[in-house]
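Each chain is listed here by its residues.
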Amino acid sequence: MSAVMTSAPTASAQMIPEIVAPAGTPAALVAAIDAGADTVYCGFRDATNARNYPGLNFTAEDLKEGIAYAHARGRRVNVAINTYASAGNTKLWHKAIDTAASLGADAVIMADIGLLDYAARTHPKLRRHLSVQGGASTISSIHYYYEAFGIARMILPRMFTLDEIAELKTRVPIEIECFIFGSLSPMTEGRCSLSAYATGRSPNLCGVCSPAEHVRYEQQDGELLCRLGDFVTNSFGPGESAGYPTVCKGRYMAGDADPAYVFEEPECLNAAEYIGAMRKAGICAFKIEGRQRGRFYVAEVVASFRELIDAEARGESFAKHGAALERLRRLAEGGEETKGAYRKGWR
Ligand code: SF4
């Protein structure tokens, strides 16, 4: 089908990049809006959402109230319907798209090409954003999603340098949203099956990585062992803080080497110091990861970025905003932070 571009949001015309904040709960949505988020993203309580964890997410009624709260304050709500529909059972996903559209969501975030096609045909005025789960990482693949499904924005996989993003922006006709803060995964966005290997379930189809029912912690010889399914993913000595056992953040022995983080260090992306460079690269929206996080965390991260982004827009140096930078450092997962691929050469 030919491209169907939906109307651009006000954010695309703004000089100041949009803050796109996570909301795992209605309380987090309110906290994010009150702290200064321009847009909140959230999902339904089912397998249509790549953060399908117990105790999180929105009913249709929650979403209706959340959208009303955001719109009353001139903000937006995007709905993540970013898993891949089950073979022979697309009803749940179609219903999620229909519900998001009927409740007035500002955009749907999707990866599955069949669902993108359904949304484009059924709700052509509803903006479609390509989820990072789509894993589109070349100009031709981005053009394909634009031409086939009229995507208005794509959320870039966390694998590009800033120079590459600036170059990319000159060659694609859509908005670019990038992660600026939060947990990192290995650079296989949208293609990770490690959780399925260990537990039979992964974010791609079920919306959950390392589901809690497969997680066990055991004390052994003074160490805390973390098990996921049949695998020991990590062990922690006294005084070491134990993280949640996702396969990618486990420590393993490769050959005769000591146990090490062979996939990914448990670090937090914190690109606060690149706010100006990211804006100049053409990124119109800064995304904060963390729908599994509580409302206090969301409020603190959003408020810190609100202060820094507004300061950068006024041309101020960050020297006067050390407290906000320090707050973000403190909130970084495990206390360790990284600039991710934006400047790194390890990809
Ligand atoms: S194992 Fe890691 S990279 Fe893979 S889905 Fe889970 S958190 Fe993401």
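Coordinates for the structure precede this section.
All of the points below concern the structure found in this document. In this numbering scheme, every chain counts its residues from 1 along its sequence in written order. In view of the model being predicted, local features appear only for residues whose pLDDT reaches at least 70, and side-chain atom pairs are presented and counted only at 80 or more, with totals across whole chains, interfaces and linings using the full set of residues. As a rule here, side-chain values come from all non-hydrogen atoms in the structure, and water together with hydrogens is ignored.

**Remarks on the overall build of the protein**
Rules: Strands are runs of DSSP state E lasting at least 2 residues, helices are runs of H or I lasting at least 4, and numbering of each runs from the N terminus. Radius of gyration here uses only the C-alpha atoms, and the compact-globule reference equals 2.2 Å multiplied by the residue count raised to the power 0.38. Each residue is placed in one exposure class: buried if its accessible area under a 1.4 Å probe, protein chains only, is under 20% of its type's maximum, exposed if it is over 50%, and partly exposed if it falls in between. Residue contacts are defined here by distance: any two heavy atoms, one from each residue, within 4.5 Å place the two residues in contact. Here the Shrake-Rupley method, with its probe set to 1.4 Å, supplies the accessible areas, and only the displayed protein chains count as covering residues. Under this rule, positive means Lys or Arg and negative means Asp or Glu; His and the chain ends count for nothing. Charge positions come from single atoms, namely NZ of Lys, CZ of Arg, CG of Asp or CD of Glu.
The helix and strand tally for the protein stands at eleven helices and 13 strands. Against the compact-globule benchmark of 20 Å for 347 residues, the protein has a radius of gyration of 20 Å, which places it among compact chains. Across its three principal axes, the protein shows a C-alpha extent of roughly 60 × 55 × 40 Å. When the 347 residues of the protein are sorted by exposure, 52% land in the buried category. Put simply, of all contacts in the protein between residues at least 6 apart along the chain, 64% involve residues at least 24 apart. When the accessible area of the protein is evaluated, it comes to approximately 14900 Å², of which 53% is carbon and sulfur surface. For the protein, the distance from the average site of its 38 positive side-chain charges to the average site of its 40 negative ones is 6 Å.

**Structural notes on the packing of aromatic side chains**
For clarity, the threshold we go by: Whether two aromatic rings pair depends on their centres lying within 6.5 Å, for rings of Phe, Tyr and Trp, where Trp uses its six-membered ring; planes under 30 degrees apart make the pair stacked, over 60 edge-to-face, and the rest tilted. For a lysine, the NZ atom is tested; for an arginine, the CZ atom; a charge sits over a ring if that atom is within 6 Å of the ring centre and within 35 degrees of the ring normal.
According to the stated counting rule, one finds six aromatic pairs in the structure shown. Between Tyr 197 and Phe 231 the ring centres are 5.6 Å apart and the planes differ by 35°, which places this aromatic pair in the tilted class. Taken together, the residues Tyr 197 in helix α7 (residues 194-199) and Phe 231 in strand β10 (residues 231-236) connect sequence positions 34 residues apart. Take Tyr 197: its relative accessible area is 65%, and that puts it in the exposed class. Under the relative-accessibility criterion, Phe 231 is labelled partly exposed at 34%. Here the aromatic rings of Tyr 252 and Phe 263 are separated by 6.0 Å at their centres, their planes lie at 80°, and the arrangement is edge-to-face. One end of the pair, Tyr 252, is in the loop between β10 and β11 (268-270); the other, Phe 263, is in the loop between β10 and β11, with eleven residues separating them in the sequence. With relative accessibility at 41%, the residue Phe 263 sits in the partly exposed group. Above the plane of the ring of Phe 179 lies Arg 158, whose end atom (NZ or CZ) is 3.9 Å from the centre. Across the ring face of Tyr 41, the terminal group of Lys 287 is positioned such that the distance to the ring centre comes to 4.1 Å.

**Points about the environment of Pro 54**
Mapped onto the elements of the fold, Pro 54 is located in the loop between β2 (39-42) and α2 (60-72). Taking relative accessible area as the criterion, Pro 54 reaches 72% and is therefore assigned exposed.

**Remarks on the environment of Tyr 217**
Its place among the elements puts Tyr 217 in strand β8 (residues 215-220). Spatially, the C-alpha atoms of Tyr 217 and Arg 227 are 6.1 Å apart, while their sequence positions differ by ten residues. Tyr 217 has contacts with Leu 224, Leu 225, Cys 226, Gly 243, Tyr 244 and Pro 245, leaving out every residue within four places of it along the chain.

**A word on the packing of helix α3 (residues 91-102) against helix α4 (residues 113-122)**
Working note: a packed helix pair is described by the angle between its axes plus the distance between those axes. Counted only if it meets this: Between N-to-C directions, angles span 0 to 180 degrees; the directions come from axes that are lines fitted to C-alpha atoms, helices contributing only their stretch in contact. Roughly parallel here means an angle under 35 degrees, roughly antiparallel means over 145, roughly perpendicular means 65 to 115, and every remaining angle is called oblique. With the far helix as reference, a near helix turned anticlockwise by less than a right angle produces a left-handed crossing, and one turned clockwise produces a right-handed crossing. Residues are grouped as follows: nonpolar covers Ala, Val, Leu, Ile, Met, Phe, Trp, Tyr, Cys and Pro; charged covers Asp, Glu, Lys and Arg; every other residue, Gly included, is treated as polar.
Where α3 contacts α4, the two axes come as close as 10 Å, and the packing angle between them is 40°. When the axes of α3 and α4 are compared, the pair comes out oblique. Seen along the crossing, α3 lies across α4 with a hand that is right-handed. Where α3 abuts α4, its residues Trp 93, His 94, Ile 97 and Asp 98 lie against Leu 115, Tyr 118, Ala 119 and Thr 122. Considering only residue class, the contact of α3 with α4 consists of five nonpolar, two polar and one charged.

**Brief notes about helix α6 (residues 162-169)**
Worth spelling out the cut-off: To be clear, the arc concerns the directions from the helix axis to the C-beta atoms.
Within α6, burial applies to Leu 162, Ile 165 and Leu 168. On an axial view of α6, the arc spanned by its buried residues comes to 120°, and they lie on one face. Buried residues in α6 make contact with α5 (139-149), β7 (175-183) and α9 (275-280).

Interpretation note: all reported values are geometric properties and have no functional meaning in isolation.
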